[in-house]
Structures are given as C-alpha cells and as structure tokens.
Amino acid sequence: MPHAPMNPHLQSSADPSRSSEEIRQDFLQFFQAKGHEVVSSASLVPEGDGTLLFTNAGMNQFKDVFLGTGQRSYARAVDTQKCLRVSGKHNDLEEVGHDTYHHTFFEMLGNWSFGDYFKAEAIRWAWELLVERWGLAPDRLYATVHEGDDDFGLSADAEAYDLWLSETPLPEERVLYEPSKENFWMMGDTGPCGPCSELHVDLRPPEARQETPGRELVNVDHPQVMELWNLVFIQYNAQTDGSLEPLDDQHVDTGMGFERMVAVLQGKESTYDTDLFAPLLQAMADRSPREEIRGYDDLHIEDDDEHERVRTALRVVADHIRAIAFAISDGVMPSNEGRGYVIRRILRRAVRYGYQTLELEEPFLHRLVGPLIEKMGGPFDGLAEQQEFIEQAIRSEEESFLETLGTGIEFFERVVPHVADFQDTDGEASDRLLGALREDAQAMDLLEKAYVDTDDENDILHSFARTARGGTLPGQIAFLLHDTYGFPIDLTRLMARERDLDVDMEGYETLMDRQQERARAASDFAVDQSDVQAWQSVSQGEASVFVGYDQASVDDAEVRAVRVVETDEGQQYEVELSHTPFYAEAGGQVGDTGTLRFGDESVQVLDTQREGERIAHTVDTLPEPLDGPVEAVVDAERRAHIRAHHTATHLMHAVLRETLGEHVQQKGSLVAPDRLRFDFSHFDAVDEDTLRHIERRVNTVIQQNIPKQEARDVPIDEALDRGATALFDEQYGDRVRVITFDPDFSMELCGGTHVDATGEIGLFRFVSEGSVASGVRRVEAVAGTAALEHVESELETLARARRQFRSLHTSLPEAIAEVQEERDRLAGEVDQLRRGQLSDQLDAFIAENAASVDGITVVTGRLDRASMDDLQELGQQFRDKLGEGAVGVLGSVGEDGEKAYVVATVADDLVDDGALRAGDLVGTLGDRLGGGGGGRPSLASAGGRDPEALDTVLDGVPALVRDRLE
C-alpha cells in the first residue's frame, strides 16, 4: 500500500519511520525518568463507578484520589489509558469515519501528580517533551489558560499564564485566555475541579498562517489547528451551591491524545494515515472482493463520491474493530443492554459498512483481530491472551446480524425512495405519489408490517406521507428495522443521513416505550411498592452490624426497627437488629435462616435480605414486647452447606480460568445450600471431557485441604495489586475483604461465608452445562453432602439400567449402543415410508389441482404431518415434476397444530423472464399466515402462527400469481 502523503509543514519534527510503539514508550520513559510510576491501563469497564458506561478519560482510575476517598503508594504516575467514547457527553460515534480524526476507541497518554508537583513542573515538562525531545516547531504551538469566571468567583489563572512565559519561550501573543467551557475542568456538578491549560498545534501551510493567525482558530474545531495536550490543575472542590472550596492537596491530571500525537510526529494529515491503522486498513482492502480496492490510498475508483465512500467504510471498520476487540477483552460481551448493547451497535455499524460498501457478505470482522494484535498486543497483552475467544465472540455476532442484514437493507432500499419522493410535496403531487406507492405491492407489504396499529390501507398511506413530506423516515419503519432486522437506531439514522433524510425519533421512541411497557407488564419480577410499609423505630443506635464471619449466634442483640410487608404468602414482618450473625443475600449467596428468641418465645427467620443499610430478618410472627435482648441463632447446618458451595464456586472459577483461559469472567451466580450455579463468559460449549477434567482438578484442591486466608478491611487498590479477582459490574467500597485459597490459585474479593479449609467441602460434582446467552455459559454443580447424594443417585440409576440388560452378554455401554442403533434404523425406515407417502401425493396434486393463469400452470396442495424440512425437500421434487412455465405451492400444519408452513416453487424460465420470484410469493403468503419468510427466486419457504388460514391461503395462490403478473 503506498504511503500516505506527509504534512510538508512539519518536516522539521516529522519522522514517518518513528513507530507508534516508539512514541508511546518514549512518553512513558520520559516521565519515568522524572520519578513517575509507570501504571498499567485500567479496564474499559470502570471499576466501582456506576456513573460511567466506559472509561472515557485517563483520570477515571484515579478518581478516588481526587475525591479524597483513596490513595496510592506513589505520588507521581504516568500511563497510557484505553478509552471509549460512544455515549453520553463524550459521544464521537456519529463522526467516526466521516472525518479523519475522531475515534471510538483511543489511547490517552497522561502524567499525574497527587499532591506533589503542580503547575510549574507540568508546564515545563510538557514543553520539554514536545519541543526539546520530539522537535515540534515552537512557532506552531499555542497555550491556553483559564480567563476566570465570575459565577465561580475566580479571577484569571495568571499563575499559569506567567509560567508559560517564564518556563517556555512562548511569546504573549501565543498564550491565550479562554472561558470555562474550554479551560475549566469539572468531574461533575460537584467534586474536584480546577482550571486547565491546553497546548494546541497549527499544522497549516505558511501562506494560510500568514493570512489568518493561528490564535484566531484555537478552539474553533479547525481540523489543522488542534489540541494536543490538556494539563488540568485540580485545586478546588465544587459544592452543591455552586461555590468552590480550595482542596487541601493540589493535583495534576494531564491527557494527550495518542493517535493525534502519532499523526503529528509521523507527519501525517490524518490519524488514519499512521502506522496505528495501516495494517487494519490494508487487511480490509485485501479481504474486499472489489478488485479496484487495493489499499486505503490505492483505490482505482474514478467517481469521487464512491472513492470517498469506500475510504469512509475502511476508516469505520478499522476504528470499530479496535473498540470491539478491546471491549470484549475487558469482559464486555455484545448484548441487548448496557455496555453490551453499545458494543453490539458498533459491531453492527461496522458489518453494515463492510457488507454494503466493501461487498463483504461473509463474516470478516473477526479476521481483523490478528492484525490488531500484531500491532497492539505488546502494550496490551490481554488481547493476545484472549485472541481465540475474541474472534469467536465477534464471529458469532457477525453471523447473527448477517442473517437479517441483507433483508433489512432491501426493506430500507424499497421504502426510502418513496420517502424521498414525498419530500416537500403537497396537494396534487402528493396524491399522485400516493397512487404510485399503492401500486408498489412490495413496498405496501412492508408498510403493513411496520404500521401494525392499523389495517386500513388509506390510513397507512396517509400516515406515511405526513411524515415523509418533511424528508423524514417514519418511526414505524425505524422500529421495524430495529425489532425485526436487528438494526440499532443509530445505524438507521446513519443510513437515512446518507440519503439526506431524517428519522422520526419521537415516533420510534414511542414504539420502543410501548414495547418496554409490555415487557415490564409481562415480567415475573414486578414489585408492588404499595404493599411495602414504612419501618417503625424500636430503639436508637447503630444499625445492622454483621458479625456472622466470627459468630453463628449472639444473645444480646437489640431490635432497632420493624415493619409489616405483604407477600404472596400473606402478611410477614421484617426485623432489624443492632448486630446479627445472619448473612443477608448478596453476591449470589442466599440469605441465612434460623431462629430469633425473644425471652421464652422463638420465631423462625425465613430469609435475610439487605434493605439499604439495614439487614432485614423476615419472620412470620412478631412477638411482644420487642424492647428486651434478642438471641439470634443461625441454622448452622444450612450455613455449612452454603459455605461449602460458596468455596467450591471460588475453586471452580479458578479452574475454569486455568483451563479455558483468562477471558472467563463471572456473569452471575447462585450459592444455595443444595447447589451452586455459575454463569461465565465463554463461547463454546464445555465438552464432557473438559468438565470431567475441571471436576477432577477441583476435587484435587479439596483433598489438599488448603486453609482459608481471610483479610478484612483491605484498601481495594492494594487488594487488586495483590492479584485479587474483582467482578465486573460489582460495586465495591474503598475497603474490601479478600478470600484466598493459595495465593497462586484462588484470590477473590468476596463478602460471603466460606469453609475454613477446602477439605471441609468433601466432594464436588457437575450437574449440567449449557448456554444462557450469546457468549455466556452456565454450569450447575453440587458440593459436600449434596454431591454425595447426587453420586449415590447416579449409581442407583446405573444399577437399575444394568438390571434391564442382565440377560445380555455384552457390557452395558455396548448393549445400550445396540439398542440405540436398532432404534435409529427403525426410525429411519419409518421416516422413509412417511416421506414416500408424502411424495406420492405430488402427482395427485398435479392431476387434480392444476389451474392456468395467463398461460402459467399453478398447482397447490396441502400435506398432512409434513415439517418445514419435509416441505422444502418435497418442494424441489414438486418443481422438477412441474417443469417449465409452472408455479407450485405446498402447505402443511405442524404436528403441534400451532404453526403453518408453505413452500413456493417457480420454474427457471419464469424467473429468467422476471415474471415471478418464489421469495416474493412466500413473503405475501407468510404474511397472510401471520408470519413471514424468504428464500431463492426459484424456491422459498414461509411460516406463520395462523394454521386455520392455510386452506384459504392456498386457495388464493392463483389470484396472487395473477396480481404479480399484472
């Protein structure tokens, strides 16, 4: 691939041979030499921060230090941080690919001071690195400082202004005061904040710089006058009333866009022209079947618009594969909610560009993971360690979306021209267009699917026209693309924007809200808040102290509060105690049960849950009085079973990661007295041999009787530095409890109860393995007494089976295999006879049911007890028997009586003439059966949920053929 042109105005500093790896390492080493600790990038999933979907800035992992709730063992740090900006305030997704510098995933280089150095050093070192070490032309650099803000009661940051003049050779005309919008950084409405100082570079040619001074283009989004580095001086704490209080410690937080810096230092006009993207862009060009696409800068396409359309597609895919792969490596699987949905949207956006512009109709994104790892696997080794898993996850998503992408695009392309036609029309022209739309049978079929609230054709047409007149794609169309074809709304908006159309977002969101309301109404987990009454105070003092790690009972607890609750079982009560040994359900572990004794009266604790800061004990009765000491006794035997299952979960988690790979992350769990359930990220089914290996490994650890090591009140950063496993999406406090069974094997942050040594578990046994979602597997297992009972049950089943075959002289497995083989042989013979009987009916249909429609033979027939597979096989036979100039339709009702199926065949000569297509026919037939379908022009199938309509649908086939011919 030819090299992208260099920026001729940066020749003094630009060096295209200087790799991005060298630039990244140079930055880290520069600050390491100045006493900074080199810190690894945090995950793209912010740990313990529910306010962010993704890490979107370098400061995220140090947020607790700025808030004063955490600390580090170092006062200076330097890092490169993985960032993702695709939602909320920082959302660059719409710009990605359409310009040459926005990205979803990017790296943020930063240096940090926690109460150590401040403005002078930050400014001096920034200049030293950019100019003295990297050779940027000083006369192209501008610095900005905060101009002050009356609302904050702040004057201009004269200190920073003076430092730029004293610590660097910048003249006054290139140090600019800017407003708070540009030069005052806030974490949120409250919290740490402070003025910032930015460095900008002017990359324009000399004549342009003479015509318009660079100072006039700073912070106006000029593509060649761009921000390189932001130095934030955190020195205030914003209060709820809008005032600022000085912090006890002053901090420095800087952020440099790595991709932009690489472009500048390599002398490139665009970040996409750098070596960071070159391997991905070339890999995409190599995979495209379009011969004219030979490289990002080697496109043999004469049409300028098409040339740029292809370059845009290449940029989108190259950017998006980075975001997708890094997110999956950090545990974010594509899904329909939260972070997973964001990644699914990005992936589907990339697939659409590859499919529609680069003509890639087979999965291709997963094949880019290898080139990405070759480029970035060094500094981010999590990619290489999980390469196979990442590729599998991406391929699965691609295959799923490609199943509906083509049909969805066809739908879009069929309807959009009508929207464009109606744009800016009214009166007579609009009536004429309505008539044209009414005659477009395929478009009308699609509109009927989209406008589900009405079956009146006129209402559909006029509703469509009202929205389309403003150059807007109706919300009903956007919703159908989302709901039926899997198009994220931003993909539909992008496709509409390419046609200079808007999308009716209000209509779309109304339909989405309606769908979500239906889902909520159908949920089994709805809670009637009116049944929950308020807590009534009984005594004063600290509430809900858990002492159950060390005690299974207490005899001096006090009742703090009680309340009445209405449940499906009737009226119950919840009791809060001053301190309790009862574990409240959390982290997958079920709540304890046991007994509360009030004087001579005892009540059973049915469950224990957390209610905010309270630990609530659920009981059936409430004795009186409540003001005396309470004895609280946990059901020790049940607790012991739970402890065994919880520790077994930790051991199994460790072995799963050891066996399947580090990509295994917990996605959900249940720890009960009789079993454990564990969901984890993994794409392939875990086969029987692997399960047995994991089971044996866990039992080996159990037999080693490894003692539990428990550390409480550990600073979370210290725990993570030790190597403790933290769960994604789990909210942890600043101080945590760490449970270890051999530091080199199992160390997890956990608040649950555990055995004192692994030998107490006794035995571990898998019960089942299966899938619960795309990329998420589920295992169920038993431990201790439950495992022993399970094994005994299996042995009894085996003994009964042996007794059934006691007259045979072969082993039990061989005897069972012989019976299965005989069963399969007989089933095959029966199926062959059944299919033969069905096939015999085809000749009868041709003889008895043939009709002529404008010279075309149309034959229909209904078959009993035929599955969809049967119909498709028989459809091909039917087509062969009918020969040229014929259309055949076969129908059947499924064995359950709830679904109907049809298969349509069209002779080759009719397909070649363009007269008829089987796919068009079954589209209408499937719709009339309350469903849909599709297939090849010569053979297509459909299904629906209205079997009673089958006979009517088959009777209407000749008329349908006649309509299509007209």
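Residues numbered from 1 in each chain as written. Predicted model: local features only at pLDDT ≥ 70, side-chain atom pairs only at ≥ 80, totals over all residues. Heavy atoms only, no water.

J.: Summarise the overall build of the protein chain; cite the residues concerned and give the values.
T.: If you tally the helices and strands in the protein chain, you get 29 helices and 38 strands. Split into buried and exposed, the 966 residues of the protein chain put 52% on the buried side. Taking the contacts inside the protein chain whose residues are at least 6 apart along the sequence as the reference set, 68% of them involve residues at least 24 apart. Carbon and sulfur atoms make up 43% of the accessible area of the protein chain, which totals about 43900 Å². In the protein chain, 90 positive and 186 negative side-chain charges are present, and the distance between their average locations comes to 3 Å. (Helix = DSSP H or I, 4+ residues; strand = E, 2+ residues; numbered from the N terminus. Buried < 20%, exposed > 50% of the residue type's maximum accessible area, 1.4 Å probe, protein only. Contact = heavy atoms within 4.5 Å. Areas by Shrake-Rupley, 256 points an atom, 1.4 Å probe, with all protein chains shown as cover. Lys, Arg positive; Asp, Glu negative; His and termini not counted. Charge placed at Lys NZ, Arg CZ, Asp CG, Glu CD.)

J.: I'd like to hear about helix 9 (residues 304–329), residue by residue, with values.
T.: Side chains of residues three or four places apart in an α-helix project in the same direction, reflecting 3.6 residues per turn. Compared with an ideal rise of 1.5 Å per residue, which puts 26 residues at 38 Å, helix 9 spans 38 Å between its outermost C-alpha atoms and is within 8% of the ideal. Within helix 9, 21 of the 26 residues are buried, which leaves the element mostly enclosed by the surrounding structure. One side-chain oxygen at the N-terminal end of helix 9 lies 3.2 Å from the backbone nitrogen of Asp305; it belongs to Asp303. Looking at the residues trailing helix 9, positive phi occurs at Gly331, about 95 degrees. (Expected span 1.5 Å × (residues − 1). Polar contact = N/O pair within 3.5 Å; in protein donor to acceptor, adjacent residues only side chain to side chain.)

J.: Explain the state of the cysteines to me, and be specific about the residues and the numbers.
T.: Within the structure shown, the criterion is met by zero disulfides. Sulfur of Cys196: no disulfide; nearest cysteine sulfur belongs to Cys193 and is 11 Å away. Overall, Cys196 belongs to the buried group, its relative accessible area being 2%. (Disulfide = S-S within 2.5 Å.)

J.: Give a description of the side chain of Arg879 that names residues and reports values.
T.: Counting through the fold element by element, Arg879 comes out in helix 25 (residues 868–882). A relative accessible area of 15% means that Arg879 is categorised as buried. One polar contact links the side chain of Arg879 to the main-chain carbonyl oxygen of Val906, over a distance of 3.1 Å. Not counting residues within four places of it along the chain, the set of residues in contact with Arg879 comprises Thr905, Val906, Ala907, Asp908 and Ser938.

J.: So, the sheet that holds strand 28 (residues 709–715): which residues are in play, and what are the values?
T.: Overall, antiparallel pairing links the three strands, which are arranged 28-29-30 in an open sheet. Each edge of the open sheet carries a strand with a single partner, namely strand 28 and strand 30 (746–749). Between one strand axis and the next, the sheet turns by 20 degrees as a mean value, whatever way the strands run. Bridging between strand 29 (residues 735–741) and strand 30 involves four bridges; their strand directions are antiparallel. The residue of strand 30 that forms the bridge with Thr740 is Met747. Contacts from helix 20 (residues 636–660) reach strand 29 and strand 30 within the one sheet, and its direction differs from that of strand 30 by about 115 degrees. (Pairing = 2+ DSSP bridges. Axes fitted to C-alpha atoms, helices over the stretch in contact; angles between N-to-C directions.)

J.: Talk me through the confidence of the model for the protein chain; I want residue IDs and the actual numbers.
T.: Averaged over all residues, the pLDDT of the protein chain is 86; the fraction at 70 or higher stands at 93%. In this model, residues 1–5 is a region of pLDDT below 50 whose contacts with residues beyond four sequence positions or in other chains number twelve contacts. Between residues 8–12, whose pLDDT stays under 50, and residues either more than four places distant or in other chains, the model counts twelve contacts. (pLDDT = per-residue confidence, 0-100.)

J.: Pulling in residues and values, what's your account of the side chain of Thr753?
T.: Looking at where Thr753 falls in the secondary structure, it is placed in the loop between strand 30 and strand 31 (764–773). One polar contact links Thr753 to Gln589, side chain to side chain, over a distance of 2.9 Å. Every residue in contact with Thr753, bar those within four places of it in the chain, is listed here: Tyr583, Gln589, Arg639, Ile642, Arg643 and His646.

J.: Lay out the pattern of salt bridges with the relevant residues and their values.
T.: Evaluated as defined, the whole model comprises 52 salt bridges. The salt bridge involving Arg322 is made with Glu259; its shortest N-O contact spans 2.8 Å. Residue Arg322 is found in helix 9, and its partner Glu259 is found in helix 7 (residues 258–265); the two are separated by 63 residues along the sequence. Each of the two residues, Arg322 as well as Glu259, counts as buried. A network of salt bridges, in which partner residues are shared, links Asp550, Arg643, Lys708, Glu710, Arg712, Arg737, Asp756 and Glu760. (Salt bridge = Lys/Arg side-chain N within 4 Å of Asp/Glu carboxyl O.)

J.: Can you tell me about the packing of aromatic side chains, naming the residues and giving the values?
T.: Taken as a whole and assessed by the stated rule, the structure comprises 24 aromatic pairs. Pairing Phe326 with Phe380 gives two aromatic rings, centres 5.3 Å apart and planes at 90 degrees, and the pair type is edge-to-face. With Phe326 in helix 9 and Phe380 in the loop between helix 11 (369–376) and helix 12 (381–385), this residue pair connects regions lying 54 residues apart in the sequence. The same class applies to Phe326 and to Phe380, which are both buried. Centroid distance Phe546 to Tyr583: 5.9 Å. Interplanar angle 75 degrees. Geometry classified as edge-to-face. Of this pair, Phe546 sits in strand 17 (residues 545–546) while Tyr583 sits in the loop between strand 21 (579–580) and strand 22 (594–598), placing them 37 residues apart in sequence. The rings of Phe62, Phe66, Tyr74, Trp112 and Phe114 are connected pair by pair, giving a single aromatic cluster. Above the ring of Tyr353, the side-chain terminus of Arg352 is found at 4.7 Å from the ring centroid. Residue placement shows Arg737 over the ring face of Tyr549; its charged tip is 3.6 Å from the ring centre. (Phe/Tyr/Trp six-rings, centres within 6.5 Å; stacked < 30°, edge-to-face > 60°. Lys NZ or Arg CZ within 6 Å of the ring centre and 35° of its normal.)

J.: So what about helix 11? Which residues, and what values?
T.: Counted residue by residue, helix 11 has seven buried out of eight residues, so it is predominantly covered. In this structure, the buried residues of helix 11 make contact with helix 1 (20–32), strand 5 (105–114), helix 8 (278–287), helix 9, helix 12 and helix 13 (387–422).

J.: Would you mind going over the environment of Phe364 in detail, with residue names and values included?
T.: Positionally, Phe364 belongs in the loop between helix 10 (338–356) and helix 11. The exposure class of Phe364 is buried, given its relative accessible area of 1%. When the C-alpha positions of Phe364 and Ser288 are compared, they lie 9.3 Å apart, and in sequence the two are 76 residues distant. Those residues in contact with Phe364 that sit more than four places away from it in its chain are Met284, Val317, Ala350, Val351, Gly354, Tyr355 and Glu398.

J.: I'd like a description of the packing of helix 27 (residues 918–928) against helix 29 (residues 957–965), backed by residues and values.
T.: Where helix 27 meets helix 29, the axes come as close as 11 Å, and the angle between the chain directions of the two elements is 135 degrees. With respect to helix 29, the element helix 27 is oriented oblique. Crossing angle aside, the handedness with which helix 27 passes helix 29 is right-handed. Only Val957, Leu960 and Arg964 of helix 29 make contact with helix 27, whose side of the interface consists of Asp920, Leu921, Thr924, Leu925 and Arg928. Here the contact of helix 27 with helix 29 is composed, by residue class, of four nonpolar, one polar and three charged. (Parallel < 35°, antiparallel > 145°, perpendicular 65-115°, else oblique. Left-handed = near helix turned anticlockwise from the far one by under 90°. Nonpolar A, V, L, I, M, F, W, Y, C, P; charged D, E, K, R; others polar.)

J.: Can you break down a negative patch on the surface residue by residue, with the values?
T.: A surface patch of negative charge is lined by Glu448, Asp455, Asp456, Asp459 and Asp927. Residue placement: Glu448 occurs in helix 15 (residues 441–450). (Patch = residues over 30% accessible without salt bridge, like charges linked within 9 Å, V, L, I, M, F, W, Y side chains within 5 Å.)

J.: Before we move on, could you go through the pairing of strand 23 (residues 601–611) and cite the residues and values that matter?
T.: Pairing analysis gives five bridges linking strand 22 to strand 23, with the strands arranged antiparallel. Across the sheet, residue Leu596 finds its bridge partner in strand 23, namely Val603. If you look at the hairpin formed by strand 22 and strand 23, you'll find two residues sitting between the two strands, and Gly599 has a positive phi there, around 65 degrees. By the bridge criterion, six bridges tie strand 23 to strand 24 (residues 614–619) in an arrangement that is antiparallel. Within strand 24, the residue paired with Glu611 across the bridge is Arg614. Taking the residues between adjacent antiparallel strands as the criterion, strand 23 and strand 24 are bridged by two residues, where Gly612 takes a positive phi near 65 degrees.

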